[in-house]
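Listed here are the chains, written in short residue letters.
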Amino acid sequence: MIDFQKIFADGVDFSFLVEIGARTVIMFLLILIILRLSGRRGVRQLTVFEVAIIISLGSAAGDPMFQEDLPIFYSIVVFICVILVYKSITWLASRSEKLTQLLEGKVLPVVKDGVFDIQHENDNTFSKMEFFSELRNLNVEHLGQVREGVLEIDGTLSVLFYADSDVRYGLPLFPSAYKAVTSLDSSGPYACMYCGNVLFNLEHDSVLCPRCNRKKWCKALNNKRV
């Protein structure tokens, strides 16, 4: 039999529970104050540097909430040190582009003129399928609708669209259309399934893409954005 009494309450000092509640409230309010002092208005996607700050604050805040032998003053000292380091590095980064890129990374091109950017594909850890998902979330049906797309340092994708009159043929992004052609019975154009390059005529379905040297093709689309 499982001894739930032992799991949940073995060795519990019930007289300390009220102090735990008070410590938790104090530490929570201190975290809010420190985050406001850091200058952040809210949290969306965090950079690696900001994640390190949050982890540091969380580690310093968590233990004193329930450990009787750790005075809250220790955490306050840690908070002050963390915020001073954060402010100092932020100040230095504002004066050094290289330091900013070292700490937070840099904006990376993803899509340019309706095709995937392959010159910087080794500079990021996103897979093609992740880019597909991000673009679908922006209601992009195919790459021919996208004039330019960049991956921001916080992991979000920013996109500029073609006007409806300028939409071109592009690689479909939804599974229903993103299927390799096995024959060329249907008329073109065709899009490379790797880089999005579009060819209007293929001699056979294993032609190498002149842009990325891949040989998988699917039917390109030129639907306007809904």
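Residues numbered from 1 in each chain as written. Predicted model: local features only at pLDDT ≥ 70, side-chain atom pairs only at ≥ 80, totals over all residues. Heavy atoms only, no water.

1. Some thoughts on the overall build of the chain
Okay, step 1: Scanning the chain from terminus to terminus reveals 6 helices and 7 strands.
Okay, step 2: Put simply, the chain runs from its N terminus to its C terminus through helices and strands in the order α-α-α-α-α-β-β-α-β-β-β-β-β.
Okay, step 3: For the chain, the proportion of its 226 residues judged to be buried stands at 31%.
Okay, step 4: A sequence separation of at least 24 residues applies to 62% of the contacts in the chain between residues at least 6 apart. (Helix = DSSP H or I, 4+ residues; strand = E, 2+ residues; numbered from the N terminus. Buried < 20%, exposed > 50% of the residue type's maximum accessible area, 1.4 Å probe, protein only. Contact = heavy atoms within 4.5 Å.)

2. So, helix α4 (residues 72–93)
Okay, step 1: Over its 22 residues, α4 runs 31 Å from end to end, which matches the ideal 32 Å to within 8%, given 1.5 Å per residue.
Okay, step 2: Where α4 is concerned, the buried positions are Ile-72, Ser-75, Phe-79, Val-82, Ile-83, Tyr-86 and Ala-93. The buried residues of α4 occupy an angular sector of 95° when the element is viewed end-on, so they sit on one face. More than 90 degrees from the buried face of α4, the exposed residues found are Phe-73, Tyr-74 and Leu-84. (Expected span 1.5 Å × (residues − 1). Arc of directions from axis to C-beta.)

3. Here's the deal with the side chain of Arg-23
Okay, step 1: By secondary structure assignment, the location of Arg-23 is in helix α2 (residues 17–37).
Okay, step 2: Under the relative-accessibility criterion, Arg-23 is labelled buried at 9%.
Okay, step 3: In contact with Arg-23, not counting residues within four places along its chain, are Phe-16, Pro-64, Met-65, Gln-67, Glu-68, Leu-70 and Ile-72.

4. Description of the side chain of Asn-197
Okay, step 1: Mapping Asn-197 onto the fold places it in the loop between β5 (190–192) and β6 (198–199).
Okay, step 2: Owing to a relative accessible area of 15%, Asn-197 belongs among the buried residues under this scheme.
Okay, step 3: Setting aside residues no more than four positions away along its own chain, Asn-197 makes contact with Val-115, Tyr-190, Ala-191, Cys-192, Cys-209, Pro-210, Arg-211 and Trp-217.

5. Some remarks on the sheet that holds strand β1 (residues 108–112)
Okay, step 1: With respect to topology, 4 strands assemble into an open sheet ordered β2-β1-β3-β4, the strand pairing being antiparallel. If you trace the sheet from one side to the other, it starts and ends with β2 (115–116) and β4 (157–161), each paired once. (Pairing = 2+ DSSP bridges.)

6. Points about unusual backbone geometry
Okay, step 1: The backbone phi angle of Asp-113 is positive, close to 55°, even though this residue is not glycine.
Okay, step 2: Mapping Asp-113 onto the fold places it in the loop between β1 and β2.
Okay, step 3: The residue Asn-213 is not glycine, and still its phi comes out positive at about 65°.
Okay, step 4: The exposure class of Asn-213 is exposed, given its relative accessible area of 56%.

7. Description of the pattern of salt bridges
Proximity of charged atoms lets side chains of opposite charge pair with each other.
Okay, step 1: According to the stated counting rule, one finds 2 salt bridges in the structure shown.
Okay, step 2: With its nearest N and O atoms 3.0 Å apart, the salt bridge here joins Arg-23 to Glu-19. Taken together, the residues Arg-23 and Glu-19, both in helix α2 and 4 residues apart, mark about one turn of the helix.
Okay, step 3: Take Glu-19: its relative accessible area is 32%, and that puts it in the partly exposed class.
Okay, step 4: Across the pair Lys-112 and Glu-148 runs a salt bridge, and its minimum N-O distance is 3.7 Å. (Salt bridge = Lys/Arg side-chain N within 4 Å of Asp/Glu carboxyl O.)

8. Thoughts on the sheet that holds β6
Okay, step 1: Sheet architecture is open: 3 strands sit in the order β6-β5-β7, paired in antiparallel fashion. Unpaired on one side and paired on the other, β6 and β7 (217–219) mark the two borders of the sheet.
Okay, step 2: Relative to β6, β5 is paired through 2 bridges, and the arrangement is antiparallel. Residue Tyr-190 lies in a different strand from β6, and its bridge partner there is Leu-199.

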